[in-house]
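# Coordinate inspection notes
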Amino acid sequence: MLVTGGAGGIGRACVRAFAEAGASVHLVDVDERSTAEAAAESGARPHTADLTDPAAIDRLPSDVDILVNNAGIQHVAPIPDFPPEMFRTIQTLMVTAPFLLLRRVLPGMYERGWGRVVNISSVHGLRASPHKSAYVAAKHALEGLSKVTALEAAAHGVTSNCIDPGYVRTPLVTGQIADQARTRGIGEDAVTDDVFLARTAVKRLIEPEEVAAVAAWLCGDHAAYLTGASIPVDGGWTAA
Ligand SMILES: NC(=O)c1ccc[n+]([C@@H]2O[C@H](COP(=O)([O-])OP(=O)(O)OC[C@H]3O[C@@H](n4cnc5c(N)ncnc54)[C@H](O)[C@@H]3O)[C@@H](O)[C@H]2O)c1
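Residues numbered from 1 in each chain as written. Predicted model: local features only at pLDDT ≥ 70, side-chain atom pairs only at ≥ 80, totals over all residues. Heavy atoms only, no water.

Counted only if it meets this: UniProt positions are given in the numbering used here, feature names are shortened, and annotations may be inferred rather than shown by experiment.
Going by an unreviewed UniProt entry, the protein carries the name 3-hydroxybutyrate dehydrogenase and comes from Prauserella alba. Among the UniProt annotations of the protein, the heading Sequence similarities (unreviewed entry) holds the following wording: "Belongs to the short-chain dehydrogenases/reductases (SDR) family."

Laid out in structure tokens, this is it:
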């Protein structure tokens with residue numbers, strides 16, 4: 001199996017969960033040092049690659065039975081101030097790279113007659129927030145790509161689903177909390193309550209392991225009928 005962004009918060013928890021379940025895991029990430037650390041702690045095979053580079057994707061293993069499209073970045077700015085180059089980079093990493101990886105791995109899954117594609121999307125793949133144009137656009141596109149994959153791949157024993165987390169305790173979110181606390185001159189707990197937990201029924205951040213557990217569950221034979229779905233792991237955010 002292959003996990004992108006496997007050195008970061010959610011990806012690293014996925015790598016650990018699948019490795020503990022006995023899977024042979026390929027870990028792909030752009031951050032060389034974290035990739036080596038994450039591989040050492042899990043026994044996964046490390047691949048340092050920038051997934052915005054199609055040539056780097058061409059060098060990754062193609063013979064994998066499970067693909068977890070997880071790598072992602074965020075940039076926050078109103079549309080008139082949003083740098084177009086950053087917009088393009090976010091689409092390349094979060095939409096084009098999953099598409100190119102699917103082109104690589106689906107033929108092998110079809111030949112095997114079994115496969116699982118898990119796309120780590122977001123509540124922002126289901127709804128929008130201001131100042132996150134590139135992220136929201138990319139996650140909505142990933143939701144569409146996941147559904148098309150589900151329709152094309154079902155006859156080959158391959159499922160494709162999205163997981164849609166709310167705010168997860170990872171560097172992506174803890175960095176934003178620290179920034180806002182600094183800017184507003186208030187404590188990180190106050191920022192977390194005010195901004196990050198304002199819309200959830202469960203009043204805490206999600207742990208990366210809670211997302212990884214859903215990813216692992218989706219990859220069991222018991223989940224063969226579940227495809228084309230978007231599964232919120234959001235503490236009730238989208239229920240409201
Ligand atoms: N943290 C959250 O609250 C949250 C919520 C919903 C969805 N998500 C999604 O979960 C996924 C993982 O997020 P996270 O919170 O674990 O973030 P993270 O920043 O902890 O990890 C992301 C990983 O992706 C890697 N990465 C970034 N650019 C890359 C590139 N060009 N090529 C290869 N790897 C690259 C980073 O090095 C990092 O290890 C993302 O797609 C994110 O959008 C996160």
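### Here we look at the packing of helix α6 (residues 171-184) against helix α7 (residues 188-196)
The line we're drawing: Every axis in this analysis is a line fitted to C-alpha atoms, fitted for helices over the stretch in contact. Angles between the N-to-C directions lie between 0 and 180 degrees. What counts as a helix is a DSSP run of H or I of at least four residues, what counts as a strand is a run of E of at least two, and both are numbered from the N terminus. These descriptions rest on fixed angle ranges, namely under 35 degrees for roughly parallel, over 145 for roughly antiparallel, 65 to 115 for roughly perpendicular, and the rest for oblique. Residue contacts follow a heavy-atom distance rule, with two residues in contact if any of their heavy atoms lie within 4.5 Å. Three classes are used: nonpolar for Ala, Val, Leu, Ile, Met, Phe, Trp, Tyr, Cys and Pro, charged for Asp, Glu, Lys and Arg, and polar for all others, with Gly counted as polar.
Contact geometry for α6 and α7: axes closest at 9 Å, N-to-C directions at 110°. Taken together, the axis directions place α6 and α7 in an arrangement best described as roughly perpendicular. Between α6 and α7, the residues in contact are Val 173, Gln 176, Ile 177, Ala 178, Gln 180, Ala 181 and Arg 184 and Glu 188, Val 191, Thr 192, Asp 194, Val 195 and Phe 196, respectively. Among the residues making up the contact of α6 with α7, the classes are represented as seven nonpolar, three polar and three charged.

### What to know about the sheet that holds strand β1 (residues 2-4)
Formally: Being paired, for any two strands, means DSSP has found at least two bridges between them.
Judged by pairing direction, the sheet is parallel, and its seven strands sit side by side in the order β3-β2-β1-β4-β5-β6-β7 without closing on themselves. The sheet terminates laterally at β3 (45-48) and β7 (230-233), the two strands that pair on one side only. This sheet shows a mean twist of 15° between the axes of neighbouring strands, independent of strand direction. The sheet contact formed by strand β2 (residues 26-29) and β3 spans four bridges and is parallel. Within β3, the residue paired with His 26 across the bridge is Arg 45. Lying over the sheet, helix α2 (residues 32-42) contacts β2 and β3, oriented at roughly 170° with respect to β3. On top of the sheet, helix α5 (residues 133-153) reaches β5 (115-120), β6 (158-165) and β7; it is set at about 160° to β6, its chief contact.

### Observations regarding helix α1 (residues 9-20)
Just so we agree on the cut-off: In this analysis, the expected span of each helix is defined as 1.5 Å times one less than the number of residues it contains. Each residue is placed in one exposure class: buried if its accessible area under a 1.4 Å probe, protein chains only, is under 20% of its type's maximum, exposed if it is over 50%, and partly exposed if it falls in between.
The terminal C-alpha atoms of α1, which comprises 12 residues, lie 17 Å apart, in line with the 16 Å expected from a rise of 1.5 Å per residue. Of the residues making up α1, those classed as buried are Ile 10, Gly 11, Arg 12, Ala 13, Cys 14, Val 15 and Phe 18.

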